[in-house]
Amino acid sequence: MAPERIVGIDLGTTNSLVAYMEGERPVVIPGEDGLNLVPSVVALDENGQIIVGNAARKHLIETPDRAVYSVKRLMGRGLEDVQDELKLFPFRLAEDLAPGEVLRIKLGDKTFTPPEISAFILRQLKRNADRYFAAPVTKAVITVPAYFNDAQRQATKDAGRIAGLEVLRLVNEPTAASLAYGLDQKQSETVAVYDLGGGTFDISILKLHEGIFEVVATNGDTHLGGDDIDNLLITIALDDIQGDMGFDVRRNAEIVQAIRKAVIEAKIALSSNEKTVLDVELPGGKSYQREITRAQFEKLIQPVIERTVGPVKQALKDAGLKPKDINEAVLVGGSTRIPRVRQLVEELFERTPHSDLNPDEVVALGAAVQANILSGGSEATKEMLLLDVTPLSLGIESLGGGVVKIIHRNSTIPASANEHFTTGVEGQTNVAIHVVQGERELAKDCRSLARFDLKGIPPMPAGLPRIEVKFLIDANGILHVSARELRSGKESEIEVQPSYGLTDEQVENMILESFDYAEEDFRQRQVMEARTEAETMLTALEKGRKNPAWQQLSSQERGNINKLETALRAVMKEDDYQAIRSAIDVLNQGTMHLAEMMMDSAVSSALKGKDMATADVGEGPASPHPIAQAEIK
Amino acid sequence: MPQTKDKNAKDSGILIVSQSKPAKANCWSCGAMRAAQFCQQCGKVQPPVPVDYFTFFGLPYKLNLETGKLEREFYDLSRHLHPDINAIKSEREQAWALEQSSHLNDAYRTLKDPITRTEYLLRLQGVQLEEQSKAATEEARRTGQIKKQVVPPGLLEEVFELNMQLEEMRMNKKMGEIDRSLERELEDAKKHLQDKYDGMMQELSATWNEWDAQVDRSEQGETVLDEDRLTVRDKMVEVLNRRNYLRNLLHDIDEVLES
């Protein structure tokens with residue numbers, strides 16, 4: 001049995017890609033439109049159809065209330081986390097959200113959680129891969145920002161499951177990029193990967209040694225990227241429009257989206273030109289224009305890109321390295337195309353950074369390399385192994401509200417810690433543990449991961465039970481917890497309340513619901529195919545009517561064919577592919593005699609010395625009976 | 001699990017000096033005699049056996065350690081035990097790989113750093129270090145109190161003076177006053193303590209040599225008195241406690257100066 005294909009997926013804030021190791025090189029799998037990038041935009045059209053990617057982009061402008069972008073910013077987050085995002089992004093959240101509940105975003109009159117929306121993007125990538133291989137792909141490696149916390153990782157894994165993909169591994173984006181770069185890298189060196197994408201920033205420092213890619217430190221900011229630069233420019237445009245023209249268009253989602261589009265174009269232009277013009281059409285035939293120079297742009301974005309400096313310095317400190325110890329600095333993410341960003345990286349590491357590989361594609365290519373390693377490896381990858389770290393410390397809340405760290409940040413994963421707990425009250429049978437992630441001293445300043453309730457502790461005097469709890473962070477950076485009471489040797493029952501995130505049951509339901517969309521996809525395709533076939537049939541019938549054989553049919557036969565044709569044309573307008581197919585079949589039967597006579601006359605004219613070309617079988621489907629035509633050939 | 005505190009450890013004789021060698025077993029898959037974590041013959045991951053970190057790496061309980069060699073061993077074992085290498089194996093093998101590689105990573109992380117290595121060995125020897133012992137942590141968690149700190153006797157006078165200065169500095173900052181000479185005094189004290197702190201590595205490494213020599217002697221069949229071992233052990237505990245105390249103090253000074 002051939003090993004199952006495992007694809008690598010970069011589920012990005014702005015764009016997503018799927019890649020695969022073709023022989024010894026990773027390649028990006030293009031979509032049906034021939035493009036490598038699938039914009040991470042999802043829309044629900046008026047017919048209730050989910051639309052993803054380039055096709056969904058026009059919905060952002062035309063029907064902004066039915067479309068969503070940058071949903072990655074909401075993955076694994078709660079209502080109270082996203083207040084700042086809501087001011088800048090047109091996310092339309094469901095009104096009835098309770099604190100701590102997984103967010104739901106409105107598309108038209110329906111609501112979807114961020115993992116479900118990400119699943120739509122993943123499903124589109126899966127479709128592209130299915131088409132490419134002409135076989136279904138069910139296993140994938142998906143990349144996440146290195147600085148993603150447990151909840152954000154879990155949400156990404158859930159998205160994969162909902163999309164019908166078994167997620168074999170979550171790989172950190174900068175690490176994945178280093179794998180793509182490291183394919184040809186045989187010598188030992190220390191590499192810094194500076195990854196500034198659409199919505200997230202990561203810095204990872206790796207030691208490369210004989211195929212081992214060992215991350216020594218990582219840091220970042222999961223809410224820092226090109227989006228923040230766009231928002232600065234959008235704010236300026238909105239202020240200008242209000243100031244100069246006197247109308248506030250902030251509430252007009254269509255115009256805001258048009259401005260956003262223009263701003264992104266201007267930003268991109270400024271990477272190669274010294275100046276550009278921001279140009280937006282406004283209602284009432286007016287337009288807004290403003291010239292922006294690169295110098296102005298650089299001054300404007302300085303505070304944003306400066307936010308990457310702290311994490312870089314911290315990562316170097318954690319790695320115990322100085323800038324001069326770094327042999328290579330690698331640029332990843334679309335925002336590293338900005339010259340000022342490159343200059344900053346050069347200043348930070350005192351060397352010209354590398355950007356040989358397309359910064360939009362390198363993460364997906366690296367994910368494909370990792371997928372190849374997981375599937376057993378090939379000649380190119382057989383020596384390669386990735387040793388990644390956990391980006392954030394794991395801790396337990398102490399009684400006073402402090403944090404006792406049990407696994408420190410930058411520990412190689414998988415990593416584990418055993419902690420012992422006891423009871424404080426006579427006969428106490430459960431103990432609650434609050435697990436947090438982060439570097440701060442107080443639990444309230446850290447990210448709450450989950451509350452674990454250890455149950456079924458045998459009643460004993462206070463302080464006597466010894467409960468051993470094992471915390472294990474797996475290779476995906478996701479926490480697993482198990483517990484045992486040591487005196488009785490009994491496995492404790494653990495009830496987990498994730499602070500944010502979907503329960504298993506919710507994910508299962510979403511998988512079931514997703515089948516509806518999958519079925520809808522399937523049905524849509526069937527309808528399209530049946531209609532195409534019907535068109536072919538009707539074209540052939542038109543030709544048949546011009547054939548002398550048509551006149552030789554009895555008027556009753558001709559009447560019958562006309563009736564069947566009308567029936568097919570009527571049913572074609574409906575979405576019932578089975579009805580279309582049966583109408584085609586009946587028409588097929590009804591035109592059998594005509595087809596036979598056409599064939600006979602074609603054959604006899606050939607016998608009379610005419611060649612096939614002049615025998616009026618015509619080109620294409622000459623006979624209304626497709627099978628008959630095939631027999632002539 | 002030894003419960004004894006280091007104060008009364010002298011009477012309890014909980015020293016662990018001889019390592020338990022994991023029993024040799026046959027590879028579950030090919031039947032060959034196996035190494036501890038994976039089969040040398042067929043490469044398959046073996047079910048995890050609970051062993052301490054030294055034993056996991058096949059190392060004696062010694063504190064001088066060649067980290068380059070440890071790193072090579074770590075990479076080698078990673079190539080067999082990491083979940084990525086075992087991603088398409090049976091569910092059981094994947095679970096073992098996860099367990100084995102997390103143990104490997106924990107062991108490597110603990111042993112590569114000289115301080116955590118020493119603390120770990122002391123813990124194996126039944127010591128619960130005052131500062132970072134699990135008991136102290138547990139106690140703090142239970143009572144909600146800040147971990148108590150015992151001032152090492154040699155530092156008593158200096159620390160008393162310093163704490164007064166720190167308190168004064170905090171008050172100044174609160175009132176928005178600037179006292180340059182006090183700031184300078186604190187900077188000087190910091191430099192002095194930092195030197196002392198750095199010098200402690202030498203003190204500590206001297207105790208390692210003593211400890212390791214005892215291990216060597218006993219391996220060569222000589223008798224090493226428990227009392228002698230305990231003396232070295234307690235010396236290490238004392239240096240570490242002093243070092244930790246200084247570290248916290250330096251941290252406090254930084255906090256006050258930077259605030």
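Residue numbers here run from 1 along each chain, matching the order of that chain's written sequence. Naming scheme: in the order in which they are written, chains are lettered from A and ligands are numbered from 1. A pLDDT threshold of at least 70 governs which residues receive local features in this predicted model, and a stricter bar of 80 or more applies before side-chain atom pairs are shown or counted, although totals over entire chains, interfaces and linings include all residues.

Considering the domain arrangement of chain B
Often the size quoted for an interface is simply the accessible area lost on bringing the parts together.
Residue and element names in this part refer to chain B.
Okay, so step 1: The start and end points of each domain follow an automatic or database-based domain assignment. Here the domain parsing of chain B yields domain 1 (17-124) and domain 2 (149-258).
Okay, so step 2: The C-alpha-based centres of domain 1 and domain 2 are spaced at 34 Å.
Okay, so step 3: The partner domain 2 presents 11 residues to the 9 residues of domain 1 that form the contact.
Okay, so step 4: Across the side of domain 1 that touches domain 2, the residue classes tally to 5 nonpolar, 2 polar and 2 charged. Placing a C-beta atom from the backbone of each residue, one calls two residues in contact when those atoms lie within 7 Å. Classes in brief: Ala, Val, Leu, Ile, Met, Phe, Trp, Tyr, Cys and Pro nonpolar; Asp, Glu, Lys and Arg charged; the others, Gly included, polar.

Regarding the domain arrangement of chain A
Residues and elements named next belong to chain A.
Okay, so step 1: Domains assigned within chain A are domain 1 (6-224 + 307-387), domain 2 (226-304), domain 3 (394-502) and domain 4 (506-632).
Okay, so step 2: Computed from C-alpha atoms alone, the centre-to-centre distance between domain 1 and domain 3 is 30 Å.
Okay, so step 3: By definition, any uninterrupted DSSP run of H or I lasting at least four residues is a helix, any uninterrupted run of E lasting at least two residues is a strand, and each is numbered from the N terminus. No other element matches the 7 residues that helix 4 (residues 150-162) contributes to the side of domain 1 that touches domain 3.
Okay, so step 4: The residue inventory of the side of domain 1 that touches domain 3, partitioned by class, reads 7 nonpolar, 7 polar and 7 charged.

What about the packing of helix 3 (residues 114-133) of chain A against helix 4 of chain A?
Residue and element names in this part refer to chain A.
Okay, so step 1: Between N-to-C directions, angles cover 0 to 180 degrees, with each direction set by a line fitted to C-alpha atoms, over the stretch in contact for helices. Remark: helix 3 packs on helix 4, axes separated minimally by 8 Å, with the N-to-C direction vectors making an angle of 55°. Judged by the angle between their axes, helix 3 and helix 4 are oblique. Both helix 3 and helix 4 take part in a crossing whose hand is right-handed. Contact residues: helix 3 offers Pro114, Pro115, Glu116, Ser118, Ala119 and Leu122, while helix 4 offers Ala155, Asp158, Ala159, Gly160 and Ile162.
Okay, so step 2: Looking at the contact of helix 3 with helix 4, its residues break down into 7 nonpolar, 2 polar and 2 charged. Each angle is binned into one of four classes, with values under 35 degrees roughly parallel, values over 145 roughly antiparallel, values of 65 to 115 roughly perpendicular, and all other values oblique. If you view the pair so one helix is near and one far, a crossing is left-handed when the near helix is turned anticlockwise from the far one by less than a right angle, and right-handed when it is turned clockwise.

Re the packing of helix 5 (residues 114-124) of chain B against helix 9 (residues 226-258) of chain B
Residues and elements named next belong to chain B.
Okay, so step 1: Direction vectors running N to C along helix 5 and helix 9 enclose 135°, while the axes themselves pass 11 Å from each other. Taken together, helix 5 and helix 9 sit at an angle that is classed as oblique. When you trace helix 5 past helix 9, the crossing you get is left-handed. Touching Thr118, Glu119 and Leu122 of helix 5 are Arg233, Met236, Val237 and Leu240, all from helix 9.
Okay, so step 2: Of the residues belonging to the contact of helix 5 with helix 9, the class tally is 4 nonpolar, 1 polar and 2 charged.

Focus on the nonpolar core
Okay, so step 1: Only buried residues count toward a nonpolar core: Ala, Val, Leu, Ile, Met, Phe, Trp, Tyr and Cys, linked into one set through C-beta atoms within 7 Å. Put plainly, a residue is buried at 20 or more neighbouring C-beta atoms within 10 Å of its own, exposed at 12 or fewer, and partly exposed in between, counting only other residues' C-beta atoms, which are placed from the backbone. Core analysis: the largest hydrophobic core is formed by 155 residues, its most contacted members being Val7, Ile9, Ala19 and Val42 of chain A.
Okay, so step 2: The leading source of residues in this core is helix 11 (residues 362-374) of chain A, at 10 residues.
Okay, so step 3: Dropping the residues within four chain positions of it, valine 42 of chain A is found in contact with Ile50, Val52, Ala56, Ala67, Val68, Ile117, Phe120 and Ile121 of chain A.
Okay, so step 4: Among the nonpolar cores identified, the runner-up in size contains 16 residues, and Tyr53, Phe54, Phe56 and Tyr108 of chain B belong to it.

A short note on helix 3 (residues 67-81) of chain B
Okay, so step 1: Expected span of a helix, by definition, is 1.5 Å for each gap between consecutive residues, and there is one gap fewer than residues. Relative to the 21 Å expected for 15 residues at 1.5 Å per residue, helix 3 of chain B spans 20 Å between its end C-alpha atoms, a close match to the ideal helical length.
Okay, so step 2: All buried positions along helix 3 of chain B are accounted for by Phe74, Leu77, Ser78, His80 and Leu81 of chain B. Projection of helix 3 of chain B onto a plane perpendicular to its axis shows the buried side chains occupying an angular sector of 160°, all on one side. Exposed and facing more than 90 degrees away from the buried side of helix 3 of chain B are Gly68, Lys69 and Asp76 of chain B.
Okay, so step 3: Summarising the contacts, the buried residues of helix 3 of chain B are in contact with strand 18 (385-387) of chain A together with helix 4 (91-112) of chain B. Arc definition: directions from the helix axis to the C-beta atoms.

A few points about the pairing of strand 1 (residues 6-11) of chain A
Residues and elements named next belong to chain A.
Okay, so step 1: Counting buried positions over the 6 residues of strand 1 gives 6, a clear majority of the element.
Okay, so step 2: Both faces of strand 1 are covered, namely the face carrying Ile6, Gly8 and Asp10 and the face carrying Val7, Ile9 and Leu11.
Okay, so step 3: Pairing of strand 1 with strand 10 (residues 139-144), which is carried by 5 bridges, proceeds in the parallel orientation. Directly across from valine 7, in strand 10, lies its bridge partner alanine 140.
Okay, so step 4: Relative to strand 2 (residues 15-22), strand 1 runs antiparallel, the two being bridged by 4 bridges. Bridge pairing links isoleucine 9 to valine 18 in strand 2.
Okay, so step 5: Two strands qualify as a pair provided that DSSP identifies no fewer than 2 bridges between them. Between strand 1 and strand 2, which pair antiparallel one after the other, the connecting turn spans 3 residues.

Description of the interface of chain B and chain A
Okay, so step 1: The interface of chain B with chain A comprises 24 residues on the first partner and 24 residues on the second.
Okay, so step 2: For the side of chain B that touches chain A, the secondary structure elements donating two or more residues are helix 3, helix 4 and helix 6 (134-143) of chain B.
Okay, so step 3: The greatest single-element share of the side of chain B that touches chain A, amounting to 7 residues, is contributed by helix 6 of chain B.
Okay, so step 4: Of the residues in the side of chain B that touches chain A, the class split is 7 nonpolar, 9 polar and 8 charged.

Some words on the sheet that holds strand 17 (residues 328-332) of chain A
Residues and elements named next belong to chain A.
Okay, so step 1: Read from one edge of the open sheet, 5 strands run 17-12-13-14-18, paired in mixed fashion. In the strand order of this sheet, the two ends are held by strand 17 and strand 18, each with one partner. Between one strand and the next, the sheet's axes are offset by a mean angle of 25°, whatever the strand orientation.
Okay, so step 2: As judged from the 5 bridges shared by strand 12 (residues 189-196) and strand 17, these two strands associate in the parallel manner.

Notes on the pairing of strand 15 (residues 275-281) of chain A
Residue and element names in this part refer to chain A.
Okay, so step 1: Every second residue of strand 15 is oriented toward a common face, the buried set being Thr276, Leu278 and Val280 and the non-buried set Lys275, Val277, Asp279 and Glu281.
Okay, so step 2: In the sheet, strand 15 pairs with strand 16 (residues 287-293) via 7 bridges, with the strands oriented antiparallel. Looking at strand 16, one finds that aspartate 279 is bridged to glutamine 289.
Okay, so step 3: Count of turn residues in the strand 15/strand 16 antiparallel hairpin: 5 residues, of which glycine 284 carries a positive phi of about 75°.

Things to note about the sheet that holds strand 26 (residues 490-491) of chain A
Each strand in a sheet pairs with another by means of backbone hydrogen bonds, the pair being arranged parallel or else antiparallel.
Okay, so step 1: Ordered in space as 21-24-25-26 (chain A), the 4 strands form an open sheet in which the pairing is antiparallel. Single-partner strands in this sheet number two, and they are strand 21 (415-421) and strand 26 of chain A.
Okay, so step 2: As defined by bridge partners, strand 24 (residues 467-473) of chain A adjoins strand 25 (residues 479-485) of chain A across 7 bridges and the pair is classed as antiparallel. Looking across to strand 25 of chain A, one finds that glutamate 468 of chain A is bridged to arginine 484 of chain A.
Okay, so step 3: Across the sheet, helix 4 of chain B lies against strand 21 and strand 24 of chain A, angled at about 85° from strand 21 of chain A, the strand it touches most.

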